[in-house]
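# Structure assessment
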Amino acid sequence: EVQLQASGGGLVQAGGSLRLSCAASGFTFGDYAVGWFRQAPGNEREGVTCISNRDGSTYYADSVKGRFTISSDNAKNTVHLQMNSLKPEDTAVYYCAANRGYCSYYGSVEWYDYWGQGTQVTVSS
């Protein structure tokens, strides 16, 4: 069974940091790209970042460049999202998603085949 489990969310003050994790199982992790999306109440789900486990390439939305870093731990089949300098506008439910291949369409929800349940990130002002 293919599963993605997001964890690591919480409440943090503006300027603080959180590290999210996405644990994957049920597929060949090294052949897949894993991305993070976020969705705030009333807003569309937006792509945040993606990493390809095939070549290590990464992509970031303009809103998080320089603040967020995605990485992949192939030994543990886990992708991490280090979030620094958090802002109140980063508040959202964060979802991880996966699809076989690269991150060419990392920002499109339709491109991903598998989704986790999401983890809440709240940044206070």
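Below is a short write-up of the structure. (Residues numbered from 1 in each chain as written. Predicted model: local features only at pLDDT ≥ 70, side-chain atom pairs only at ≥ 80, totals over all residues. Heavy atoms only, no water.)

## Focus: the environment of His80
Selection rule: What counts as a helix is a DSSP run of H or I of at least four residues, what counts as a strand is a run of E of at least two, and both are numbered from the N terminus. Residue burial is assigned from relative accessible area. The probe radius is 1.4 Å, only protein chains are included, and a residue is buried under 20% of its type maximum, exposed over 50%, and partly exposed in between. Every residue pair with non-hydrogen atoms within 4.5 Å of one another is taken to be in contact. Any pair of nitrogen or oxygen atoms within 3.5 Å is treated as a polar contact; in protein, a donor-acceptor pairing is required on top of that, and neighbouring residues in sequence qualify only through side-chain atoms on both sides.
Along the chain, His80 falls in strand β8 (residues 78–83). Using a relative accessible area of 14% as the deciding quantity, one classes His80 as buried. Taking the C-alpha atoms as reference, His80 lies 15 Å from Gly30; in sequence the two are 50 residues apart. The contact partners of His80, leaving out residues within four places of it in the chain, are Arg19, Leu20, Ser21, Trp36, Thr69, Ile70, Ser71 and Asp73. In terms of polar contacts, His80 uses its side chain to reach the side chain of Ser21, at 2.9 Å.

## Remarks on the nonpolar core
Note the cut-off: Only buried residues count toward a nonpolar core. Its members are Ala, Val, Leu, Ile, Met, Phe, Trp, Tyr and Cys residues joined through side-chain atoms within 4.5 Å.
Core analysis: the largest hydrophobic core is formed by 30 residues, its most contacted members being Trp36, Phe68, Val79, Leu81, Met83 and Tyr94. Elements supplying a minimum of two residues to this core: β1 (3–7), β3 (18–25), β4 (32–39), β5 (46–52), β7 (68–73), β8, β9 (92–100) and β11 (119–124). Sequence-distant contacts of Tyr94, that is, excluding residues within four places in its chain, are made with Ala6, Leu20, Trp36, Phe37, Arg38, Val48, Phe68, Leu81, Met83, Gly118, Thr119 and Val121. Listed in part, the eight residues of the second largest apolar core include Cys50, Ala97, Cys103 and Tyr112.

## A few points about the sheet that holds β1
Put simply, the test is: One requirement defines pairing of two strands: DSSP has to find at least two bridges between them. Lines fitted to C-alpha atoms define the axes here, with helix axes fitted over just the stretch in contact, and angles between the N-to-C directions of these axes take values from 0 to 180 degrees.
Spatial ordering of the open sheet is given by β1-β3-β8-β7, a layout of four strands whose pairing is antiparallel. Each edge of the open sheet carries a strand with a single partner, namely β1 and β7. Each strand axis lies, on average, 15° off the axis of its neighbour in the sheet, ignoring direction. Inspection of the sheet shows β7 paired to β8 by six bridges, in the antiparallel sense. Bridge assignment links Thr69 to a residue of β8, and that residue is Gln82.

## Side note on the packing of aromatic side chains
Threshold: Centre distance within 6.5 Å is the pairing criterion for rings of Phe, Tyr and Trp, where only the six-membered ring of Trp is used; planes under 30 degrees apart are then read as stacked, over 60 as edge-to-face, and the remainder as tilted.
This structure, assessed with the given rule, holds eight aromatic pairs. When the ring of Phe27 is compared with that of Tyr32, the centres are 4.4 Å apart and the planes differ by 50°; the resulting orientation is tilted. Residues Phe27 and Tyr32 agree in their burial class; the two are buried. Seen from their ring centres, Phe37 and Trp115 are 5.0 Å apart, and the 55° between their planes marks the pair as tilted. With Phe37 in strand β4 and Trp115 in strand β10 (residues 114–115), the pair connects residues that are 78 residues apart, well separated along the chain.

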